[in-house]
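Residues per chain, in single letters:
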Amino acid sequence: MKLQEYQSKQIFSRFGISIPRGRVAATAIEAKHIAEELGNRVVIKAQVLVGGRGKAGGIRLAKNPHEAEDVATSILSMDIKDLPVRKVLVDEAANINKEIYLAISDDRGAGKPLLMASASGGIDIEEIAHSNPEMIMKVHIDPLLGLRDYQARDVAATIDLPRTFWRGFIETCRCLWHVYLETDASLVEINPLVITADNRLLALDAKIVLDDNALYRHPDLVEMRDQDSEAEAEVEARKYGLSYIKLDGEIGCMVNGAGLAMASMDIIKLFGGEPANFLDIGGGASSEKVAAALRIILTDTNVKAILFNIFGGITRCDEVARGILSALKDVKTNIPMVARLVGTNAEEGRRLLADANMVTAETLAEAAQKAVSIVEGARNEHPGK
Ligand code: GDP
Ligand code: MN
């Protein structure tokens, strides 16, 4: 789960990291009032859960409250990477002397947290990671010992931070480590951490990604989930305990098991199709769950065919087939469907679905080929679509 910048900043601040004065607003009038309160030049920042807001025009300076209102009006009417902007953060603008990158993330390969820092902070850190990886300093943190001050000092020296800022930088690293630890984050990032013209260290941007598997320990953080800013289908999927990720293809997939879902997507591509989504309905899929999954797949208007790929283990195939049939009573559709069932009571399951005029298949390859040819057939009937 990702937190918005303004939420991440509040948490950073609680742990002792300096952030600019500011508040979040949902309307342009509110933004104007905040600018009046701050009584200074402000920066208006789109609150959306994607990077590169700056480049997309979602971050703009305003000289006075009147301008803040205008800028907020225009940013609040934007979509950034398909996400509508519903809130803006209005912060006191900073005069920047230097932009630093600082983050702690899980290094899965090493099985340890990794502290990363670079003297070239700002908007293009991904590009730097790609073109000049040596400009990003990396230090592993022993999870039992925690971040040691000497490690942070080493980093400060390596990125050529002027000595006067070392103490503040080490303190910021220490605070960031505590945020990472206490919130069970998988990423905490300050990009940029700036040195201001009046020689302060300030976190101008903030990003926290929480580990979903640890959310049960943080009811206060779960509260912060911004459902407005998530795709509706994903909110709906979570409600039913489904893992759903929308993609751009035409073949909707309903699969039990994450590995099987990945394999289904691969094989669709192998036969020249494109999956419309990743969807794992998990074990013990009830007809209620199957119906929710179907509804979610069908909200995607790109979907031209649906592929069911079910492995019957503890959940029997005939049970899933009945689930699909009863779901189809609730969810009316004429999108063609292909079902591949294997495992416990597969024949019975296939017979139930064949009786309901659904295309069935025994192997995954056969099922994928059938789904792909349905989509191609539809395309030939309606050329240009
Ligand atoms: P991102 O593009 O989504 O990562 O958004 P950031 O919050 O990192 O802002 C992008 C860039 O906007 C920063 O690297 C700064 O160069 C600039 N910026 C953000 N806040 C301020 C500010 O208060 N004053 C000035 N002068 N520039 C800012
Ligand atoms: Mn940033």
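Residues numbered from 1 in each chain as written. Chains lettered and ligands numbered in written order. Predicted model: local features only at pLDDT ≥ 70, side-chain atom pairs only at ≥ 80, totals over all residues. Heavy atoms only, no water.

A few words now on the overall build of the protein. The number of helices and strands found in the protein is 13 helices and 18 strands. Principal-axis analysis of the C-alpha atoms gives the protein an extent of 75 × 50 × 40 Å. When contacts within the protein are restricted to residue pairs at least 6 apart in sequence, long-range pairs at least 24 apart make up 67% of them. Accessible area for the protein stands at about 18,800 Å²; split by element, carbon and sulfur atoms hold 50% of it. (Helix = DSSP H or I, 4+ residues; strand = E, 2+ residues; numbered from the N terminus. Contact = heavy atoms within 4.5 Å. Areas by Shrake-Rupley, 256 points an atom, 1.4 Å probe, with all protein chains shown as cover.)

Quick look at the coordination of the manganese ion (ligand 2) now. Distances from the manganese ion (ligand 2) to its protein donors, N191 (O) and D205 (OD), fall within 2.2 Å. Of this pair, N191 sits in strand β10 (residues 185-196) while D205 sits in the loop between β11 (201-203) and β12 (207-210), and the two are 14 residues apart along the sequence. D205 shares its class with N191; the two are buried. (Donors = N, O, S within 2.8 Å, 3.2 Å for Na, K, Ca; no water. Buried < 20%, exposed > 50% of the residue type's maximum accessible area, 1.4 Å probe, protein only.)

Our next topic: the site of ligand 1. In the region of ligand 1, 17 residues are neighbours, and K45, R53, G54, A94 and E99 sit closest. The backbone of N191 places a nitrogen or oxygen atom 2.9 Å from an oxygen atom of ligand 1. Protein contact buries 84% of the 560 Å² of open area that ligand 1 shows by itself. Secondary-structure elements contributing two or more residues to the shell around ligand 1 are β2 (42-46), β3 (59-62), β7 (96-107) and β10. The residue makeup of the shell around ligand 1, split by class, is nine nonpolar, four polar and four charged. (Near = heavy atom within 4 Å. Polar contact = N/O pair within 3.5 Å; in protein donor to acceptor, adjacent residues only side chain to side chain. Nonpolar A, V, L, I, M, F, W, Y, C, P; charged D, E, K, R; others polar.)

Relative to the elements of secondary structure, V320 occurs in helix α11 (residues 317-330). Placed 112 residues apart in sequence, V320 and I208 show a C-alpha to C-alpha distance of 38 Å.

A separate point is the packing of α11 against helix α12 (residues 346-355). Geometrically, a packed helix pair is captured by the angle between its two axes and the distance between the axes. Remark: α11 packs on α12, axes separated minimally by 7 Å, with the N-to-C direction vectors making an angle of 20°. Between α11 and α12, the crossing angle belongs to the class labelled roughly parallel. Where α11 crosses over α12, the handedness of that crossing is right-handed. Along the contact surface, α11 presents C317, D318, A321, R322, I324 and L325, while α12 presents A346, E348, G349, L352 and L353. Of the residues assigned to the contact of α11 with α12, the class counts are seven nonpolar, one polar and three charged. (Axes fitted to C-alpha atoms, helices over the stretch in contact; angles between N-to-C directions. Parallel < 35°, antiparallel > 145°, perpendicular 65-115°, else oblique. Left-handed = near helix turned anticlockwise from the far one by under 90°.)

Quick look at helix α9 (residues 258-270) now. Three- or four-residue spacings in an α-helix give side chains the same orientation, since the helix completes a turn every 3.6 residues. Between its first and last C-alpha atoms α9 spans 18 Å; for 13 residues at 1.5 Å apiece the expected length is 18 Å, and the two agree. Where α9 is concerned, the buried positions are A261, S264, M265, I267 and I268. All buried residues of α9 fall inside an arc of 170° around its axis, so they share one side. Residues G259, D266 and L270 are exposed on α9 and point more than 90 degrees away from its buried face. Check the buried side of α9 and you find it contacts β14 (251-255), β15 (277-280), β16 (305-312) and α13 (364-381). Following α9 by one or two positions, G272 has its phi on the positive side, about 90°. (Expected span 1.5 Å × (residues − 1). Arc of directions from axis to C-beta.)

In terms of nonpolar packing, the biggest core is built from 42 residues, with F12, L102, L161, F169, V188 and I208 touching the most fellow members. The leading source of residues in this core is helix α6 (residues 166-182), at nine residues. Aside from chain neighbours lying at most four places away, what touches F12 is I17, I19, L176, V179, V188, E189, I190, A206, K207 and I208. With 31 residues, the next largest nonpolar core counts L242, V290, I324 and A327 among its residues. (Core = buried A, V, L, I, M, F, W, Y, C linked by side-chain atoms within 4.5 Å.)

A few words now on unusual backbone geometry. Going from N191 to P192, the amide bond is cis rather than trans, its omega being 15°. Along the chain, P192 turns up in strand β10. Look at D184: it is not a glycine, yet its phi comes out positive at around 55°. Residue placement: D184 occurs in the loop between α6 and β10. What makes D184 buried here is its relative accessible area of 19%. Positioned with a positive phi, N357 is a non-glycine residue whose angle comes to about 65°. Among the structural elements, N357 can be located in the loop between α12 and β18 (359-361). Owing to a relative accessible area of 73%, N357 belongs among the exposed residues under this scheme.

Attention now goes to α12. Buried residues of α12: A346, G349, R350, L352 and L353, and no others. Projected down its long axis, α12 carries its buried residues within an arc of 160°, all on one side. The outward face of α12, more than 90 degrees from its buried face, is lined by the exposed residues E347 and D355. Here the buried face of α12 lies against α11, β17 (337-343) and β18.

Our focus in this paragraph is the side chain of D280. Here D280 shows up in strand β15. Here D280 is buried and forms no salt bridge, its nearest opposite-charge partner K289 lying at an N-O distance of 7.5 Å. Polar contacts involving the side chain of D280 include one to the main-chain amide nitrogen of G282, which spans 2.7 Å. (Lys, Arg positive; Asp, Glu negative; His and termini not counted. Salt bridge = Lys/Arg side-chain N within 4 Å of Asp/Glu carboxyl O.)

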